[in-house]
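Structure at a glance
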Amino acid sequence: MTLHGEDDTPDRYGRQGAFVFVTGSEHSVQSELLRRGEALFSADISEKNCAAALVAAEGAARDAKLGIWADTTAIKNTESPGDILSAIGHFVVVEGRVLSVRQAGAITYLNFGRNWTRDFAATISRRIIPAFESANLGPKSLENRKIRVRGVVSSRGGPRIELLRVGQIEVLGGK
């Protein structure tokens, strides 16, 4: 077994991220888990080619309904905020149409419903909006579009996912 990481610098907790490769295999263990539908892509991979390969592996499993994707509730629907709220503290994938985009202070809200105390919203901090805009994912451009977001669910009013990286959003189609 070999480990491959972006660098040897540990994070503030002393951890080092790495991909695990079984000797003789060209695919990482992470990629294989995604391909089998036994894991979710977390979008925290900064190397674009590597991230694209992991997204593709997850997409293949989702399309084939393998592993967790065999369950029809694997992707939460924004029209059922109670299902999302029941996943507080868990990493989930959520799909729906952005009904409105609003800014309050330093936070931009992608609102998937009309009632902020009950409905799902994804939030983006003002300091990272430029990264989303550079990726052609400016918040206003997402209004009335169907998107898929992924992250850890919290509750501030209704269920929320804080978007920290561009890879947490996937646009699913036209307007």
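Below is a short write-up of the structure. Note that the structure is predicted; figures quoted are calculated from it, not measured.

Quick notes on the rules
- Residues numbered from 1 in each chain as written.
- Predicted model: local features only at pLDDT ≥ 70, side-chain atom pairs only at ≥ 80, totals over all residues.
- Heavy atoms only, no water.
- Core = buried A, V, L, I, M, F, W, Y, C linked by side-chain atoms within 4.5 Å.
- Buried < 20%, exposed > 50% of the residue type's maximum accessible area, 1.4 Å probe, protein only.
- Helix = DSSP H or I, 4+ residues; strand = E, 2+ residues; numbered from the N terminus.
- Contact = heavy atoms within 4.5 Å.
- Expected span 1.5 Å × (residues − 1).

To continue, consider the nonpolar core. In terms of nonpolar packing, the biggest core is built from 22 residues, with Leu110, Ile147, Val149, Ile161, Leu163 and Ile169 touching the most fellow members. Elements that contribute at least two residues to this core include exactly β4 (91–97), β7 (121–125), α4 (129–134), β8 (146–156) and β9 (158–163). With three residues, β8 is the largest single contributor of residues to this core. Apart from residues lying up to four places away in sequence, leucine 110 is in contact with Val98, Ser100, Val101, Phe120, Ala121, Ala122, Ile124, Pro139, Leu142, Ile147, Leu163 and Ile169. Listed in part, the eight residues of the second largest apolar core include Phe41, Ala43, Leu54 and Ala57.

Right, let's talk about helix α2 (residues 48–64) for a bit. Since the α-helix advances by 3.6 residues per turn, residues separated by three or four positions end up pointing in the same direction. Taking 1.5 Å of rise per residue, 17 residues should cover 24 Å, and α2 covers 24 Å from first to last C-alpha, within 8% of that figure. All buried positions along α2 are accounted for by Ala51, Leu54, Ala57, Glu58, Gly59, Ala61 and Arg62. Packing partners of the buried residues in α2 comprise β2 (19–21), α1 (29–35), β3 (75–77), β8 and β10 (169–171). Taken from the residues just after α2, lysine 65 is the one with a positive phi, measuring 55°.

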